[in-house]
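Tertiary structure, described
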Amino acid sequence: MYFTWGRGSLYMLQSQSKALKPQSKLAQSVQERGDDEPQTRARLCMLNFGSCPLTFVQQESSPESNKQISASIQAIPSDITSLESVVFRVQGEDFSQLRAVIFGLNMDMGEVVVQFHKVDDKLYEGRAILTSCTEEVMQYRMELETSHGSAAVDFDAKRKE
């Protein structure tokens, strides 16, 4: 369906069924299951309340030999506000290629990719600035990915006044 706007430029309107899918694996699995309504999503450990435990499962050839790697993540400051820098600190293991993808749960805000760098022995930090939203409080999920597997946590970000 096309509409004319302005000086004769054509603009195409898409129905929601043709909307682009989120890029992260977790976001794709949520959308494919049809869990895109905020009230149907279970919240994970909330970074706003302090440090959250992470468990990465390193897949081996047989399920019995899978290795679980424990770590923790913390947000500084824990009172997260949009358009302000937040530091995510992961501690507990030597990771290779630690990165995270942040996406909205109650509204599609795109994705924010967080690259972590090694600060100290078994300590990594990554920074992000979250986009502003019309919602008073935006709900986010962060999926962390490493060579040891993936894990996820949730947090809320207040709109900057």
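Turning to the overall build of the protein chain, a few remarks are in order. Each helix and strand in the protein chain was counted, giving one helix and eleven strands. Going residue by residue from the N terminus, the α and β elements of the protein chain occur as β-β-α-β-β-β-β-β-β-β-β-β. Across the 161 residues that make up the protein chain, the buried fraction comes to 34%. Of the contacts made within the protein chain by residues no fewer than 6 positions apart, 57% connect residues no fewer than 24 positions apart.

Take the pairing of strand β7 (residues 111-115) next. By the alternation rule, side chains of β7 split into Val112 and Val114, which are all buried, and Glu111, Val113 and Gln115, of which none is buried. Alignment of strand β6 (residues 99-104) against β7, held across five bridges, turns out to be antiparallel. Looking at β7, one finds that arginine 99 is bridged to glutamine 115. Connecting β6 to the next strand, β7, in antiparallel fashion are six residues, including glycine 110 with a positive phi near 75°.

Here we come to the environment of glycine 149. Position of glycine 149 among the secondary structure elements: in strand β11 (residues 149-158). As for glycine 149 and glutamine 68, which are separated by 81 residues in sequence, their C-alpha atoms are 9.2 Å apart. The contact partners of glycine 149, leaving out residues within four places of it in the chain, are Phe56, Val57 and Leu144.

Moving on, we come to the state of the cysteines. Applying the stated criterion to the full structure yields one disulfide. One disulfide in the model links cysteine 45 with cysteine 52; its S-S distance is 2.2 Å. Its S-S torsion of about -90° marks the bond between cysteine 45 and cysteine 52 as left-handed, since a negative value means left-handed. The class of cysteine 52 is buried, set by a relative accessible area of 1%.

The next point concerns the packing of aromatic side chains. Inspection of every chain in the model, using the stated rule, returns four aromatic pairs. Plain terms: the ring middles of phenylalanine 88 and phenylalanine 155 are 5.7 Å apart, the flat faces sit at 45° to each other, and that makes the pair tilted. Of this pair, phenylalanine 88 sits in strand β5 (residues 85-91) while phenylalanine 155 is found in strand β11, placing the two residues 67 residues apart along the sequence. Phenylalanine 155 shares its class with phenylalanine 88; the two are buried. In textbook terms, an aromatic cluster arises when at least three aromatic residues are bridged by ring pairs, as seen for Phe56, Phe95 and Tyr124.

Analysis parameters
Once a new chain begins, its residue numbering starts again from 1 and follows that chain's sequence as written. The model is predicted, so local features are restricted to residues of pLDDT at least 70 and side-chain atom pairs to those at 80 or more, both for listing and for counting; the totals for chains, interfaces and linings are taken over all residues. Side-chain measures here rest on the full set of heavy atoms in the structure, leaving out hydrogens and waters. The way it works is that DSSP assigns letters per residue, a run of H or I at least four long becomes a helix, a run of E at least two long becomes a strand, and they are numbered from the N terminus. For the exposure calls, accessible area comes from a 1.4 Å probe over protein chains only, and a residue counts as buried if that area is under 20% of its type's maximum, exposed if over 50%, partly exposed in between. Whether two residues are in contact is decided by their heavy atoms, any of which lying within 4.5 Å being enough. Whether two strands pair comes down to DSSP finding at least two bridges between them. Note that a disulfide, as used here, is simply two cysteine sulfur atoms within 2.5 Å. Paired rings are identified among Phe, Tyr and Trp, the last through its six-membered ring, by centres lying within 6.5 Å, and are further divided according to the angle between planes into stacked (under 30 degrees), edge-to-face (over 60) and tilted (the rest).

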